Amino acid sequence: MDLFFFLLFAFIAVACAVSVVLQKHPISCALSLVGTMAALAVLYLLLGAEFIVMVQVIVYAGAIMVLFVFVIMLLNAGAEEGRGRSWVARIAGLPALAALAGLLGYFMLTLLPMTGPKGSFVKFGDFTGGGAKEIGTALFTEYLLPFEVTSILILIAILGAIVLARKELD
Amino acid sequence: MEFLIITSIKLALILFVFMTTLAYLQWVERKVIAHVQVRMGPSRVGPHGLLQPLADVIKLITKEGVLPPHVNTFYYLAAPFLAVFMALISISIIPFGTGITIPAFHLGSAAYGPYKTMFELADANMGILLILAVSSMGVYGIALAGWSSNNKYALMGGLRSSAQMISYELPMSLAIAAPLLSAGSLNLRQISDLQAGFSLGVIPHWAIFQYPAPQIFSFIIFMIAAFAETNRIPFDLPEAENELVAGFHVEYSSMTFAAFFMAEYANMITVCSVATLLFLGGWQPLWPAAYGSDFVAPLILAGAALICFYHGMNPARPFDRITLPVFGVVFLGLAGLMAFPPTVPVLMPMFWFLAKVGFLLFVFIWIRATLPRFRYDQLMGFAWKFLFPVALANLLITGLLVALVS
C-alpha cells in the first residue's frame with residue numbers, strides 16, 4: 001500500500017515538474033509547481049514527517065506560490081512565445097542528460113550501502129519522530145545555534161526588503 | 001474492513017447533514033437579516049419559507065450554465081471545484097462530539113460489535129495545522145476564478161481576495177498559536193478535552209477563561225481574521241457589488257456559481273467550529289452537569305414546542321393551524337430524546353458543540369446585517385498595522401505567563 005502511494009505521488013511530482021518546464025503560460029507553470037509541492041508533501045507524510053508535511057503545504061504550496069500566482073495575475077503576463085532552441089541545447093542536450101543520469105546512477109550505486117545492517121535503507125513507517133514536539137525539542141536544544149543564526153539571516157533579509165521598498169517609494 | 005464500513009457510514013452521514021446545513025444556513029441568514037431589517041424574509045415556498053433552500057437548489061441546477069467565450073476554459077471550470085474541494089476537506093477533521101459506542105448485537109446467527117467510533121472522519125495529530133494548510137490552499141479557487149474569467153471586475157476581485165487572505169492569515173495563525181501554548185497539543189480532540197472541568201466549581205476551563213492567560217484577545221483576533229478569511233461583511237471586498245459588480249464570480253452561472261456560495265458557507269462553518277474547539281471548550285457545557293446543564297436542551301426544545309402549540313391554537317395565518325403543531329410534536333420528540341438517559345452522554349456534548357457553533361454563525365449573520373463594508377486601504381492597514389502587532393503582543397504575553405506558571 002505504501003509502495004503504491006509512493007509510486008503514485010512520485011509520478012505526480014515528476015509529471016508536474018516536467019509540466020512546469022513544458023507549459024507555455026506562466027500561470028500553468030506556477031500551478032504545476034503547486035502540484036509538485038503537494039505531491040512532495042505526501043511523500044514526506046509516507047516517510048513519517050508529519051510536521052514537515054504541514055509546513056510544506058502552508059509555506060510552499062500556500063504562501064509562496066500564492067504570491068507567485070498573485071504577481072503573475074497582477075502583471076497579467078500572457079503565454080510565452082517559443083523562439084526555437086539555442087544551438088547549444090540542440091546539440092548538447094541529450095548527451096548532457098545521459099551523462100548526468102549516468103553520473104547520478106554511478107554515485108548512488110557506489111556510495112549508498114546496498115547491503116548493510118537494518119536502517120541503511122529508508123523504510124516506510126520506521127521514522128516516528130516527525131511530530132511538532134520532537135522537532136521543537138531538537139530545534140531548541142541540539143540545533144539551537146543554527147536556528148538562531150538562521151533567524152538573524154531572516155531578520156537581515158526583512159531589513160533588506162524594507163530598505164529596497166523604501167527606495168522605490170521615494 | 002470494519003473500519004472501512006464504519007468510515008463510509010460516517011462519511012455519508014456527515015456529508016448529508018453538512019450539505020443540508022449549508023442549504024439551510026442560507027435560509028437562516030435570509031430570515032435573520034430580514035428580521036433585523038423588519039421584513040418577513042422568505043415566506044412563500046413552504047411554511048415560513050422552509051422549502052426555499054430546496055427551491056433554490058432546483059433553480060440553480062436547472063439553470064443554463066453559460067460558458068463565456070473569452071474565458072480560460074480549464075481554469076474557469078477548475079476554480080469552483082477547487083474552492084468546494086478545499087472547503088470540504090477541513091470539515092473531515094472537526095470532532096463534533098465525544099463519540100459513540102454501539103453495543104454488541106446479533107443479526108441472525110452472526111454476532112457483531114461492540115463498535116466504538118469517534119465523531120470525526122479523521123483524528124489527525126496535526127489537526128489545527130491541517131486546517132491552516134487547507135485554508136491557505138483555498139485561496140487558489142478564488143484567485144483562479146478571478147483570473148480565468150478574463151474580466152477586469154473578476155480580476156480585481158480575485159486579486160483583492162488573495163491579498164486579503166494572505167494578510168489575515170498571519171494574525172489568525174498567531175491567534176491560534178496562543179491557546180496552543182497552554183494546551184501543548186495540535187490535536188483538536190485533545191485540545192477540547194483539556195478544556196474540561198470547572199474552576200471554583202462554576203467557571204469553565206475554556207481557553208477564553210483559562211488560567212494563567214485568558215485567551216479572550218486571541219478569540220477576538222481569531223474571529224476578526226475569520227471574517228476576512230471567509231470574505232464576509234465587513235471584509236467582503238472581493239465581491240463588493242457597488243465597486244466590482246460581483247467580484248470574482250461575476251462570470252459564473254448555475255451550479256458553478258452555487259459552488260462558490262457552498263464554499264463560502266462551508267468555510268464559515270469550519271472557522272466557527274475551530275473557534276469553538278480552540279477557545280470555547282468544544283463540547284464542554286457552560287456550567288457543570290451537577291447544576292443541571294444536561295436539562296438545558298430538553299427545556300429549550302420543550303419551550304419551543306409549547307410556543308408552537310400556543311401559536312397553533314391562535315393562528316396568525318390559515319396554514320399555521322397545521323404546520324405549527326407539527327413542529328411542536330417534532331420539538332417535543334427531540335426534547336424527549338435529549339432527556340432519555342442512554343442517549344444523554346452522546347447527544348449532550350453534540351448539543352453544546354452545535355449550540356456554540358450556531359451562536360458564532362449567528363454572530364456572523366448579525367454582523368452582516370449590522371456593519372457597513374471597509375474601504376480597501378482600511379482593510380489592509382487594519383490587518384498589518386493593528387491586528388498583527390496586537391496578535392504578536394498577545395502571543396508574547398501568553399508565552400510569558402505560561403512559562404512563569406509552569
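Bear in mind the structure is a predicted one, so any value in this text is a computation, not a measurement.

A count of helical and extended segments in chain B gives 14 helices and six strands. Over its C-alpha trace chain B gives a radius of gyration of 23 Å, about what one expects of a compact globule, namely 22 Å for 406 residues. Partitioning the contacts of chain B with sequence separation of at least 6, the portion at a separation of at least 24 is 75%.

Quick look at the overall build of chain A now. Looking only at helices and strands, one finds six helices and zero strands in chain A. When the helices and strands of chain A are listed from N to C terminus, the series reads α-α-α-α-α-α. Each of the 170 residues in chain A was classed as buried or not, and the buried ones make up 14%. Contacts spanning at least 24 positions in sequence make up 61% of the contacts within chain A whose residues lie at least 6 apart.

The next point concerns the nonpolar core. All names here are of chain B. Ranked by internal contacts, the top residues of the largest apolar core, which has 125 residues, are A83, F222, A225 and A275. In terms of residues, this core owes the most to one element, helix 10 (residues 254-279), which gives 16 residues. With sequence-adjacent residues up to four places away left out, A83 is seen in contact with G138, G141, I142, A259, F260 and A263.

Domain annotation of chain A identifies domain 1 (1-80) and domain 2 (131-170). Computed over C-alpha atoms only, the centres of domain 1 of chain A and domain 2 of chain A are separated by 24 Å.

Next up on the list: helix 8 (residues 216-229) of chain B. All names here are of chain B. For helix 8, which comprises 14 residues, the first-to-last C-alpha distance of 20 Å matches the rise-based estimate of 20 Å (1.5 Å per residue) to within 8%. The element helix 8 is extensively covered by neighbouring structure, given that 10 of its 14 residues are classed as buried. For helix 8, the full list of buried residues reads S218, F219, I221, F222, I224, A225, A226, F227, A228 and E229. If you follow the buried residues of helix 8, they end up packed against helix 4 (127-137), helix 6 (152-183), helix 10 and helix 14 (376-405).

Moving on, we come to the packing of helix 6 of chain B against helix 8 of chain B. Residues and elements named next belong to chain B. Running from amino to carboxyl end, helix 6 crosses helix 8 at an angle of 155°, the nearest separation of the two axes being 8 Å. Judged on the interaxial angle alone, helix 8 and helix 6 are roughly antiparallel. By crossing handedness, the relation of helix 6 to helix 8 is classed as left-handed. Across the interface between the two elements, Q164, M165, Y168, P171, M172, A175, I176, A178 and P179 from helix 6 touch S218, I221, F222, A225, A226, A228 and E229 from helix 8. A per-class count over the contact of helix 6 with helix 8 returns 13 nonpolar, two polar and one charged.

All names here are of chain B. The backbone of V38 shows a phi angle near 55°, a positive value even though the residue is not glycine. Following the sequence through the fold, V38 ends up in the loop between helix 1 (2-36) and helix 2 (52-62). At N150, a residue that is not glycine, the phi angle is positive and equals roughly 60°. With 15 C-beta atoms counted inside 10 Å, the residue N150 sits in the partly exposed group.

Taken together, the contact between chain B and chain A spans 18 residues of the former and 16 residues of the latter. Mapped onto the side of chain B that touches chain A, the elements with two or more residues apiece are helix 4, helix 5 (139-148) and helix 6 of chain B. When its residues are assigned to classes, the side of chain B that touches chain A shows 14 nonpolar, four polar and no charged.

Before going further, it helps to spend a moment on the packing of helix 8 of chain B against helix 10 of chain B. Packed helices, taken two at a time, are described by the angle their axes make and the gap between the axes. Residue and element names in this part refer to chain B. Where helix 8 meets helix 10, the closest approach of the two axes is 10 Å, and the angle between their N-to-C directions is 170°. When the axis of helix 8 is compared with that of helix 10, the two are roughly antiparallel. For the pair helix 8 and helix 10, the contacting residues are S218, F219, F222, M223, A226 and E229 in the first and V271, A275 and F279 in the second. Residues belonging to the contact of helix 8 with helix 10 are distributed by class as follows: seven nonpolar, one polar and one charged.

For the rest of this paragraph, the subject is the confidence of the model for chain B. Residues and elements named next belong to chain B. Looking at chain B, the pLDDT average stands at 83 and 100% of residues meet or exceed 70. When the elements of chain B are averaged for pLDDT, strand 3 (residues 110-112) gives the smallest value, 72, and helix 8 the largest, 89. The ipTM assigned to the predicted complex is 0.76, against a pTM of 0.85.

Conventions adopted
Residues numbered from 1 in each chain as written. Chains lettered and ligands numbered in written order. Predicted model: local features only at pLDDT ≥ 70, side-chain atom pairs only at ≥ 80, totals over all residues. Helix = DSSP H or I, 4+ residues; strand = E, 2+ residues; numbered from the N terminus. Rg over C-alpha atoms; globule rule 2.2 N^0.38 Å. Contact = placed C-beta atoms within 7 Å. Buried ≥ 20, exposed ≤ 12 C-beta atoms within 10 Å, placed from the backbone. Core = buried A, V, L, I, M, F, W, Y, C linked by C-beta atoms within 7 Å. Domains from an automatic or database assignment. Expected span 1.5 Å × (residues − 1). Axes fitted to C-alpha atoms, helices over the stretch in contact; angles between N-to-C directions. Parallel < 35°, antiparallel > 145°, perpendicular 65-115°, else oblique. Left-handed = near helix turned anticlockwise from the far one by under 90°. Nonpolar A, V, L, I, M, F, W, Y, C, P; charged D, E, K, R; others polar. pLDDT = per-residue confidence, 0-100.

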